Number of protein chains: 2
Amino acid sequence: MPESDSPRGRRTSRPSGDDRELAILATAERLLAERPLGAISVDDLARGAGISRPTFYFYFASKDAVLLTLLDRVVAEADAATLDASLLPGAGPREGWRLAITTYFETFRAHRALTLAWAEARSTNAEIRDLWARVFDQWAQRCADAIDAERARGAAPPGPSARDLAVLLTSMNERAMYATFSGDGPAVAESAVVDVLLEVWLRTIYGTAPTD
Amino acid sequence: MPESDSPRGRRTSRPSGDDRELAILATAERLLAERPLGAISVDDLARGAGISRPTFYFYFASKDAVLLTLLDRVVAEADAATLDASLLPGAGPREGWRLAITTYFETFRAHRALTLAWAEARSTNAEIRDLWARVFDQWAQRCADAIDAERARGAAPPGPSARDLAVLLTSMNERAMYATFSGDGPAVAESAVVDVLLEVWLRTIYGTAPTD
DNA sequence: CCCGTTTCTCAACACCGTGTTGACTCGTTC
DNA sequence: GAACGAGTCAACACGGTGTTGAGAAACGGG
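In what follows, the accompanying structure is described. (Residues numbered from 1 in each chain as written. Chains lettered and ligands numbered in written order. Predicted model: local features only at pLDDT ≥ 70, side-chain atom pairs only at ≥ 80, totals over all residues. Heavy atoms only, no water.)

Turning next to the relation of the copies chain A and chain B. Under the fitted operation, chain A is carried onto chain B by 0.0 Å of movement along the axis and a turn of 180 degrees, and the coordinates agree to an RMSD of 0.0 Å. Interpreted geometrically, this transformation is the action of a two-fold axis. Judged by C-alpha distance, Met172(A) is the residue of chain A that lies nearest the rotation axis, at 2.0 Å. Here 100% of the interface residues in chain A have copies in chain B that are interface residues too; the copies meet face to matching face. (Least-squares fit on C-alpha atoms with pLDDT ≥ 70 in both. Contact = heavy atoms within 4.5 Å.)

Right, dumping it as structure tokens:
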């Protein structure tokens, strides 16, 4: 098993496998910033990393496997950020929810190309779809619990199940994020989107509807 | 130019071009009910319609062109239904919005396989993406106008631009619809989804948020 | 009834992308 | 220095898209 942090000064005639793997990942990220996943072939990734196509398959089982590796990183980052954000000072519900939404948004905005590729690959790859579902579910459940807590302390009125509300509101965030990043079709301006999302969340959680 | 409604009783040795075209469309719809668009090849469509692959290309430029033809129908149907729905009796805001959301939802539910294919093809085909954007925009604008009208008559409080709210709420509906139809990942139960959506819409439009 | 025109059909082809095979190279290790 | 494992790639098999060019089938007009 080769050392993970191979000494960079050593002059080997052949770069180590780790370097190659990293080169593939870096190439993928670079190309994704230029064009959508569907317009990137395995050959592009291999050439970008300075290897041939069959050699690519020595390192990754497919193009999607590369994406999945990159996504795992982002998901780990998102998890860490979300945990940080949950250590919120008790500055009132508005700021609490704003922090939550901002954290979510900013984490993915820092990797927008990857996020868009994620959405693209979701329709064709079950593993990638499952990862998305897992992240979605975790976030939605966290929010559902927070809504229930607010209801328990009398700060939020009763209504539909907190879980259902959280799932719908999270769907909204996700789709709004995608529309904002991709620029395809109607979207809320990037500078305003968190504010408007927050307003919808707050009104949904704390507001009431007319009974006619 | 051949007659559109060709006499069905005539016994020609070769079916008319119109028949072929319809056979391709019918095959597409049938196969989409079984498997996703990506798992259907041009050859599948051709064989299903009883012709060879090159002959398929005499009728349609691509697989996506077939989808687009089918979608045009659904969009026309959705437009008609939406117009009908806007002739609402003045039964109060709750029932008005419920009718709007239900109409939207039911129209696409009647063609769920097509709707899912639409979402799938959106990421790879610009024309299909544009069609989606157009439908989305039309619906969102109609809702934005309705929100402005409610605000003008003092029934709804001020807040973020009606257009932004409408875009976000429509995003939510769309994503919720997709999740419900596809069954992938967390979703609100199909029997409840319109009710919960409606509640989010009403609270967002008529409710207010805490100021902390 | 024949003949030109249009409509329609498809075998064969060119192309591109994926993933596999099997032989080969090159350090490492004993 | 032999044996081993890691790494490499030309060549292949396959499956998908879209095109070409040669022709068959109906149609319509003289």
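This part takes up the packing of helix α5 (residues 93–109) of chain B against helix α8 (residues 162–182) of chain B. Residues and elements named next belong to chain B. Two elements in contact, α5 and α8, have axes separated by 11 Å at closest approach and are oriented at 40 degrees. Relative to α8, the element α5 lies oblique. Both α5 and α8 take part in a crossing whose hand is right-handed. Here α5 contributes Ile101, Tyr104, Phe105, Phe108 and Arg109 to the contact with α8, which in turn contributes Asn173, Glu174, Met177 and Phe181. Among the residues making up the contact of α5 with α8, the classes are represented as six nonpolar, one polar and two charged. (Axes fitted to C-alpha atoms, helices over the stretch in contact; angles between N-to-C directions. Helix = DSSP H or I, 4+ residues; strand = E, 2+ residues; numbered from the N terminus. Parallel < 35°, antiparallel > 145°, perpendicular 65-115°, else oblique. Left-handed = near helix turned anticlockwise from the far one by under 90°. Nonpolar A, V, L, I, M, F, W, Y, C, P; charged D, E, K, R; others polar.)

On to α8(B). Residues and elements named next belong to chain B. With 21 residues, α8 should cover 30 Å at 1.5 Å per step; its first-to-last C-alpha distance of 30 Å lies within 8% of that length. With 18 of 21 residues buried, α8 lies mostly within the body of the structure. One or two steps after α8, the chain reaches Gly183, where phi turns positive at roughly 75 degrees. (Expected span 1.5 Å × (residues − 1). Buried < 20%, exposed > 50% of the residue type's maximum accessible area, 1.4 Å probe, protein only.)

Chain A puts 49 residues into the contact, and the matching count from chain B is 49 residues. Both faces combined, the contact of chain A with chain B buries some 3,900 Å², and carbon together with sulfur accounts for 66% of it. The largest share of the area that chain A buries against chain B comes from Leu168(A), Arg175(A) and Arg203(A), three residues that together contribute 20% of it. On the surface where chain A and chain B come into contact, there are four salt bridges. Among the salt bridges present, the one from Arg129(B) reaches Asp184(A), with a minimum N-O distance of 3.4 Å. Counting every contact that joins chain A to chain B gives ten residue pairs in polar contact (both at pLDDT 80 or more). Mapped onto the side of chain A that touches chain B, the elements with two or more residues apiece are α5 (93–109), α6 (112–122), α7 (126–152), α8 (162–182) and α9 (193–206) of chain A. Broken down by element, the side of chain A that touches chain B gets its largest block of residues, eleven residues, from α8(A). (Buried area = accessible area lost by both parts, 1.4 Å probe. Salt bridge = Lys/Arg side-chain N within 4 Å of Asp/Glu carboxyl O. Polar contact = N/O pair within 3.5 Å; in protein donor to acceptor, adjacent residues only side chain to side chain.)

A few words now on the environment of Leu114(B). Residues and elements named next belong to chain B. With respect to the secondary-structure elements, Leu114 resides in helix α6 (residues 112–122). Given a relative accessible area of 3%, Leu114 falls into the buried group. Counting along the chain gives 40 residues from Leu114 to Val74, while the straight-line C-alpha distance between them is 8.6 Å. With residues near it in sequence (within four places) discarded, Leu114 still touches Glu29, Leu32, Leu67, Leu70, Leu71 and Val74.

Here we take up the side chain of Thr204(A). One can find Thr204(A) in helix α9. When residues no more than four places from it in sequence are discounted, the contact partners of Thr204(A) are Leu165(A), Leu169(A), Val200(B), Arg203(B) and Thr204(B).

What follows concerns the pattern of salt bridges. Residues and elements named next belong to chain A. Counted by the stated rule, this structure contains 32 salt bridges over all chains. The closest approach of N and O atoms between Arg73 and Glu29, which form a salt bridge, is 3.9 Å. Within this pair, whereas Arg73 is found in helix α4 (residues 63–86), its partner Glu29 is found in helix α1 (residues 17–34), the two being separated by 44 residues in sequence. Taking relative accessible area as the criterion, Arg73 reaches 43% and is therefore assigned partly exposed.

Note: α-helices contain 3.6 residues per turn, so residues at a spacing of three or four share the same orientation. For helix α7 (residues 126–152) of chain B, which comprises 27 residues, the first-to-last C-alpha distance of 38 Å matches the rise-based estimate of 39 Å (1.5 Å per residue) to within 8%. Phi for Gly154(B), located one or two positions after α7(B), is positive at around 80 degrees.

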